[in-house]
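So you can see what is in the structure, the chains are spelled out below.
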Amino acid sequence: RAGRARESQALSAPQVRGGMSLETAIAYFAQRQAALFRSSCTITRATPGTFNPATGAITPGTPTTIYTGVCLVRPNAWEGSDTQVGQQEVRYRGARLKLPPDTAVEKDDIVVVTASQHDPELVGRSFRITDVPHDDWQIVRVAILEEVT
C-alpha cells in the first residue's frame, strides 16, 4: 500500500529540482522559448480539390490560413544528405519550426516567413512541414521543414 501511495502521489504532483512542479517548469520553459521567437510566419493548409467526372479534371482546393503569428525557423544542422537531382548532386538541409505550443499544424502544411528580425533573406521563403513530433511536456510546437522552391 505504501508503494501505491507513493505512485499516486508521484503521478498527481511531480516535482522537479528545487521543489517546482512539473506544470510550473513547463510553463516557465514555454515562456522562455516564446521570448526567442523573432520571426513571423503564415501557415496554410490545402483543402481538398474537386473532381469533375465528365471532363476528368481536378480543380485544386483553395489554401486555408490556419496560423499567422510569431515563430522561429532554425536549420536542423550544418550537415545534410546528398541527393541526386537530375544530373546534379545537391545537399539537402532541413530546418525546424517552433511555434506557440497550442498551434495545430500538420504534415504538408505550408509555412511562409513574413518577417525576420535577424535574417532578411528568410522573408518570403516557403517551407513544407514534413513531420510534427508530439511531446507530453509540450513547451513549444515543433515542426520539421523542407524548403519549397
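Residues numbered from 1 in each chain as written. Predicted model: local features only at pLDDT ≥ 70, side-chain atom pairs only at ≥ 80, totals over all residues. Heavy atoms only, no water.

Should the charged atoms of two oppositely charged side chains come close, the side chains can pair. Considering all chains together, one arrives at five salt bridges under this definition. Arg 45 is paired through a salt bridge with Asp 109; the nearest N and O atoms lie 2.8 Å apart. Of the two residues, Arg 45 is situated in strand β3 (residues 39-45) and Asp 109 in the loop between β9 (95-99) and β10 (110-116); the sequence distance between them amounts to 64 residues. With relative accessibility at 22%, the residue Arg 45 sits in the partly exposed group. Of the charged contacts in the structure, one is a salt bridge between Arg 128 and Asp 108, with a shortest N-O distance of 2.3 Å. (Salt bridge = Lys/Arg side-chain N within 4 Å of Asp/Glu carboxyl O. Helix = DSSP H or I, 4+ residues; strand = E, 2+ residues; numbered from the N terminus. Buried < 20%, exposed > 50% of the residue type's maximum accessible area, 1.4 Å probe, protein only.)

It is worth spelling out the packing of aromatic side chains at this point. According to the stated counting rule, one finds one aromatic pair in the structure shown. Measuring from centroid to centroid gives 5.0 Å for Tyr 28 and Phe 29, while their planes differ by 75 degrees, and the two rings are edge-to-face. (Phe/Tyr/Trp six-rings, centres within 6.5 Å; stacked < 30°, edge-to-face > 60°.)

The pLDDT averaged across the protein works out to 84; a share of 79% of its residues lies at or above 70. Within the model, the stretch residues 6-10 combines pLDDT values under 50 with zero contacts to residues more than four positions away or in other chains. (pLDDT = per-residue confidence, 0-100. Contact = heavy atoms within 4.5 Å.)

Time to look at a nonpolar patch on the surface. On the surface, Met 20, Tyr 28 and Phe 29 cluster together into a nonpolar patch covering about 270 Å² of accessible area. Tracing the backbone shows Met 20 in strand β2 (residues 20-21). Its relative accessible area of 33% is what places Met 20 among the partly exposed residues. (Patch = residues over 30% accessible without salt bridge, like charges linked within 9 Å, V, L, I, M, F, W, Y side chains within 5 Å. Areas by Shrake-Rupley, 256 points an atom, 1.4 Å probe, with all protein chains shown as cover.)

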